[in-house]
Every structure is written in C-alpha cells, then in structure tokens.
Amino acid sequence: MSEHTTDKRVREASRRRFLQAGAALAGGSAIAGVGGSTALAEQGNNLPPNVPAWMKAPGDPMGSQPYGTPSEHEKGVVKNISKALPQYISASGRTPLQELDGIITPNGLFYERHHGGVPTIDPAEHRLMLHGMVDRPLVFTMEDIRRFPSQSRIHFLECSGNPVYTKPYGKTASDLVGLLSCAEWTGVPLKTVLDEAGLQAGAKWIVAEGADAAALTRSIPIEKCLDDAMLVYSQNGERLRPQQGYPLRLLLPGFEGNMNVKWLRRLKVVAEPAYSREETSKYTDPMPDGTSREFTFYMEAKSIITRPSGGQKLTTHGFHEITGIAWSGHGKIKSVEISLDEGKSWQQAELQEPVLTRALTRFRLPWHWDGTPAVIQSRAIDETGYVQPTLAELVAVRGLNSFYHNNAIWPWRIDANGEVTNGQA
Amino acid sequence: MHGVAVHAEERYGIGREATPAEIAGWNIDIGRDGTALPPGSGSVERGRIVFSEQCAACHGDSGQGGVGDRLVGGQGTLASPKPIRTVGSYWPYASTLFDYIRRAMPQNAPQSLSNEDVYAVSAYILSLNGIVPANAVLDAKSLAAVKMPNRDGFVSDPRPDVHNR
C-alpha cells in the first residue's frame, strides 16, 4: 500500500470519528457556559462501560496542523467582537475571560484595539527611529533590536475604557472587562536603547508613534521610559501577532493600553508632551464640573470573578470553586477579598502563585452553594494599600461622564436556578 | 578570543545614525504651540470643498457626525449630564487638529492631503464651530494663535481619588 493511500485512509477515519464525536454529547460540567452541554447522555456509545471510538482507530497524523489550533469542541472560545459597531477599522475585540484559566492569555485571544486597522508590515522594511533630545539620533532594524540584551516579563495590558460607567454593562465578564489580557513579553528594556542614543539634559517625555494608518501618537513620561518600559517583539514565546503590533511594540507595564504603541516606528525625546489627539480629545477623563483629567496613565487595582460569572449556570448544588483575576498598575496584588452576601461581609481568597508586579493574579475561594440566591463579588487590594472601590464610591467622586478608568467592584447575581447575571445590570 | 564581555553601562554600538533627511521625513508631530507647522495656508472656503469630498461621508456634511466623530457644537455642555465632546467644545489646541488630520485622515487614505488642504479643512472645522470667521485663511502662525474654548479645561490626575479605607 502506498503512503498516499495510507494517508487517505487515516484522513477518512479521522473524518468519521469527528462526525461521531459531534453527534455524542460530552460529559456535563457543574458550571455550564452559554451554549454549553445541558444534559448528560450516560447511554452514549463513548461512555463507560463502552470503549470510545477515538481509541479504536489512530488519531490525526503528525503534520495535519503545522500550527496548532484548539479542539473543535472549543470553537466557541473566540474573541468577543460586537456585531453592532459603526465600523471595524477603529474598533476593539475582547478576551473571553470567563473561558480562560491561569493568568496567561493565549495570543489568539488577546484583546485588540485598533485605530486605523491592522497593518501588514514586512519586518525587513520596518525601522525604529530614535531622535530628538539625544546625543546620537539612531535608526534600528529589527535585527538590530534583537541583538540587544533581552528580557522576558509577564504583564497585563488593559484598555482604559474597560468598562464604561453607564449601562448597558453587558452580560459576561468579557462584555464587562474583556479589554484586558496578560502575556509573557520578550524584548529590550527601553532604557538600554535610550542609553545607546544618550539622553540630553531637559529630556522629560518621549513621543511614541506607530506605523499604522492612524500613525497613533502618545507621550510617555521619561521616568516610565527609564523604569520598566520595554520594546517588545515577542509575546508568549512567539513573535508578536500583527494585531499586537508586529514586528515591534512599546510595553508600559500598568499604563493604559493605548499608550503601549503598536507597530512602533518612532521615539522622539522631547521636553513636553505632544498633546496628540489621543491624549487631548480621547484618553482624557471628563469630571462632573466640566473639567477633564489629562495624562491619567495608571490602571488602578481591580478584580473580577470569572467563574461563576455572567452567562454561566450552576447546574448542581454543592461544592463550587469561585475563581477570578486581580491586577494593579501600581504593583503586586496584596490580597483579594470575596463577598457572598451582597458586600455585607468579606473573606480572604487564596492567591495563586506567582503573584507578579503589574500582572494578572489568579484567586480562588472554595464555596458550597446551597441553592439559595446569592450575590458574589471580589475586591482587590494592591501593595500600595489601595482598595478597589464600589461603583457607587467611584461615581460619587467622578460622576458618570468619566468614560475611562472604571475599576469598580463588580457583583454577579446567582438565582435559585443557578443562572448567573450581571449584578449591576 | 571569543569576543569581549560588554558591561551594562557601555554602549553596544547597535544601530546606525539617523540622517537629517530621514528624520525630516518622519518627524511629523506638531507641538501644541504650533511648533513644526509646515509652510502653506488654506481658506475656510477651500476647506468646505475638501471636507465635502474627503470627510463628509463619515463626519456629516456640516461635521455633525456619522460613523466618524461629531466635530461641531457642544460648547457649554461639558458639565451637563450629556456632554457633547467635539473639536469645538473639547479639543484644547488647534494645532492638534492639523496634526491629526495630516497623520490619520481621511481614514481610507491617511497622509494623502496636501498641507494646504489640511490647513483648509482645519479652518473649515474651526469655522463651523464659530472659532474662526467664515473668510479666514489659516497658516502656521494664525493656526497656532487660535485659542480653543476648552484650552483651560484640563487638570492633572489626582488619583488615588477614592478613599474607602
């Protein structure tokens, strides 16, 4: 038998198995997501005591997926992209936080926000120019950038409009705070590259510009540039995805996402900020008195319970683990507290190691659900002592026009049927 | 010899010098005081034509908004429950208008307008907001001199601003 014939037979067997698997129901989960399995099929041919079909023939051959993709049964775990956006060139897509475990966001599910679409950039023709108040204005190729001593660090990235202050807040954790992801980033400390050019006296800010159609521009204080800012070329081990700034982006741990300029092509060292469109008319926070805050860079401490969370359903009484994520732009998460009684009392959640600075921190609390309605919520406390506020506390200070930097506590309501819904909606 | 260890405080000698011509081609950002605004000028009248051809499809015939941002009106609404944030009501610097139109607009063909047309469209949007007269012609000097209504409306970040413990 020729190799070609063998391959064909294997493919046929794979196809048959796939059809069978699709017809059978997978085992039930105590927490079902939207569209998840709703009934157990204990009589299924693939369930005990029967030997499942996928053990009775070889699986897919090596090489059927040169770049792997998730299981067919996970095809619902995709970015959350609104079907009602006015246009998709300047738009965002959200991470399905409620479907993920741990603290690392898979690259394909990392949230996106673009202002002029996603450019297709040939790395051989990409350049980073560093000029302005420096001793030596420089141009770097991507090969040059990769020659510098490298560093890998785990940090979250979050859009400052995550979420808005007014209804509708959305149904799921992703609807609410899905403009948030976390990755291991690899690149060069920005300080290393600035030292190469030599900063001049009076240098206070750096204007960063992207090579996208928006030529997006933001100004970054020099202190941040010399602290933990990075020029990043890889994310979770592989080169950046085009949606995340391939081949080069800026990473400013703990600062609002928009400043982490993607497709970075230029850094201009200056004495005062650019006052670009993004940092005057867009990423500024309107206050009730008509003034607006400018240069509101830090993302303050925040947390969200992802399981159980909106859109899910507790299908059984008894033991459930409450879990979620917490983060702070100001450093490490010190503790996370969880309330099971509408905020009347709070108890300590367990923090999953590693607890890293300006990274997502996973928290957990064992819980026995007795079937009565409950409102559950989490609040994060960071190493500066800052406590995540309630929405009411936040709105009392900032009003409802303050579009950005909403880091309020978010409750989930669980009804007697186990349905989980947004506690503020 | 297999190379020499490099100490952190030394330079690596990576990258090449950026020439003045290279810098000039990419150095397109304009300061809030109008620094680096290019030569040329544009009239409100010319801006009306360019706007109708290049901008109105997204921003509306008179800048009232559509799939693109609303550009006109809203002055005096920032302290109300329904603030309307436009170029006229919100943007603190007119120079930023030139910078943004030149670098990012029109969305389907950014950096395609001449400097003269960018001055003209800037003038037209400012005139729609009543900030410059309908017969205005703007250049580097006059655009930089425009005082926007909300110039003094921005304050520094006082956070942490919620003290709950």
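In this text, all values refer to a predicted model and were calculated from it rather than measured experimentally.

Points about the overall build of chain A
Each helix and strand in chain A was counted, giving 7 helices and 25 strands. In terms of C-alpha radius of gyration, chain A reaches 24 Å, essentially the compact-globule figure of 22 Å for 425 residues. With the principal axes as the frame, chain A shows a C-alpha extent of 75 × 70 × 40 Å. Taken across its 425 residues, chain A has 56% of its residues classed as buried. Residue pairs at least 24 apart in sequence account for 71% of intrachain contacts in chain A once pairs closer than 6 positions are excluded. Put simply, chain A has 45 plus and 46 minus side-chain charges, and the middle of one group is 4 Å from the middle of the other.

With respect to the packing of helix α2 (residues 44-54) of chain B against helix α5 (residues 115-128) of chain B
Two packed helices can be described by the angle between their axes and the distance between those axes. Residue and element names in this part refer to chain B. The interhelical angle for the contact between α2 and α5, taken along N-to-C directions, is 95°, at an axis separation of 7 Å. By the angle class used here, α2 and α5 are roughly perpendicular. Two secondary-structure elements touch here, α2 through Val44, Arg46, Gly47, Arg48, Val50 and Phe51 and α5 through Asp117, Ala120, Val121, Ala123, Tyr124, Ile125 and Ser127. Class assignment for the residues of the contact of α2 with α5 results in 8 nonpolar, 2 polar and 3 charged.

Some words on the sheet that holds strand β8 (residues 205-210) of chain A
Reading across the sheet, the 6 strands line up as β9(A)-β8(A)-β13(A)-β4(A)-β5(A)-β1(B) and stay open at both edges, with mixed pairing between neighbours. What marks the edges here is a single partner per strand, and that holds for β9 (217-221) of chain A together with β1 (16-17) of chain B. Sheet topology places β8 of chain A next to β9 of chain A; 5 bridges connect them, and they run antiparallel. Across the sheet, Glu209 of chain A pairs through a bridge with Thr217 of chain A, a residue of β9 of chain A.

Describing a nonpolar patch on the surface
A cluster of nonpolar side chains, contributed by Val51, Trp54 and Met55 of chain A, occupies part of the molecular surface with about 350 Å² of accessible area. Tracing the sequence through the fold places Met55 of chain A in the loop between β1 (31-32) and β2 (91-93).

Regarding the UniProt feature "domain: Oxidoreductase molybdopterin-binding" (unreviewed entry) in chain A
With numbering matched to this structure, UniProt assigns "domain: Oxidoreductase molybdopterin-binding" (unreviewed entry) to residues 115-274 of chain A. A distance of 18 Å separates the end C-alpha atoms of residues 115-274 of chain A, which is 15% helix and 34% strand.

Focus on the packing of aromatic side chains
In total, this model carries 19 aromatic pairs over all chains according to the counting rule given. Centre to centre, the rings of Tyr275 of chain A and Tyr93 of chain B are 5.1 Å apart; their planes meet at 70°, and the pair counts as edge-to-face. In this pair, Tyr275 of chain A is assigned in the loop between β13 (264-270) and α6 (277-282) and Tyr93 of chain B in the loop between α3 (56-59) and α4 (94-104), connecting two distinct chains. Across the pair, Tyr93 of chain B and Tyr275 of chain A agree in class, each one buried. Ring geometry for Trp91 of chain B against Tyr100 of chain B: centres 6.4 Å apart, planes inclined by 65°, an arrangement best described as edge-to-face.

Structural notes on the pairing of strand β7 (residues 180-189) of chain A
Residues and elements named next belong to chain A. Most of β7 is tucked away, with 9 of its 10 residues classed as buried. Here 8 bridges tie strand β6 (residues 151-158) to β7, and the two strands are oriented antiparallel to one another. In the strand pairing of β7, Glu158 is matched with Leu180. As paired elements, β7 and strand β10 (residues 230-235) share 5 bridges and run antiparallel to each other. Bridging across to β10, Thr186 finds its partner in Ser234.

Section: the UniProt feature "domain: Moybdenum cofactor oxidoreductase dimerisation" (unreviewed entry) in chain A
As annotated in UniProt, the feature "domain: Moybdenum cofactor oxidoreductase dimerisation" (unreviewed entry) corresponds to residues 297-409 of chain A in the numbering used here. Strand forms 42% of residues 297-409 of chain A and helix 7%; the C-alpha atoms that close the span are 20 Å apart.

Quick look at the interface of chain A and chain B
Contact with chain A, which involves 67 residues of that partner, is made by 47 residues of chain B. Where chain A meets chain B, there are 9 salt bridges. In this structure, the salt-bridge partner of Arg277 of chain A is Asp69 of chain B, at a minimum N-O distance of 3.5 Å. The interface formed by chain A and chain B includes 30 residue pairs in polar contact (both at pLDDT 80 or more). The element that contributes the greatest number of residues to the side of chain A that touches chain B is α6 of chain A, accounting for 5 residues. Residue composition of the side of chain A that touches chain B, by class: 27 nonpolar, 17 polar and 23 charged. Examined bridge by bridge, strand β15 (residues 292-294) of chain A and strand β4 (residues 154-156) of chain B share 3 bridges and lie parallel to one another.

Cut-offs applied
Residues numbered from 1 in each chain as written. Chains lettered and ligands numbered in written order. Predicted model: local features only at pLDDT ≥ 70, side-chain atom pairs only at ≥ 80, totals over all residues. Heavy atoms only, no water. Helix = DSSP H or I, 4+ residues; strand = E, 2+ residues; numbered from the N terminus. Rg over C-alpha atoms; globule rule 2.2 N^0.38 Å. Buried < 20%, exposed > 50% of the residue type's maximum accessible area, 1.4 Å probe, protein only. Contact = heavy atoms within 4.5 Å. Lys, Arg positive; Asp, Glu negative; His and termini not counted. Charge placed at Lys NZ, Arg CZ, Asp CG, Glu CD. Axes fitted to C-alpha atoms, helices over the stretch in contact; angles between N-to-C directions. Parallel < 35°, antiparallel > 145°, perpendicular 65-115°, else oblique. Nonpolar A, V, L, I, M, F, W, Y, C, P; charged D, E, K, R; others polar. Pairing = 2+ DSSP bridges. Patch = residues over 30% accessible without salt bridge, like charges linked within 9 Å, V, L, I, M, F, W, Y side chains within 5 Å. Areas by Shrake-Rupley, 256 points an atom, 1.4 Å probe, with all protein chains shown as cover. Salt bridge = Lys/Arg side-chain N within 4 Å of Asp/Glu carboxyl O. UniProt positions renumbered as here; feature names shortened; annotations may be inferred. Phe/Tyr/Trp six-rings, centres within 6.5 Å; stacked < 30°, edge-to-face > 60°. Polar contact = N/O pair within 3.5 Å; in protein donor to acceptor, adjacent residues only side chain to side chain.

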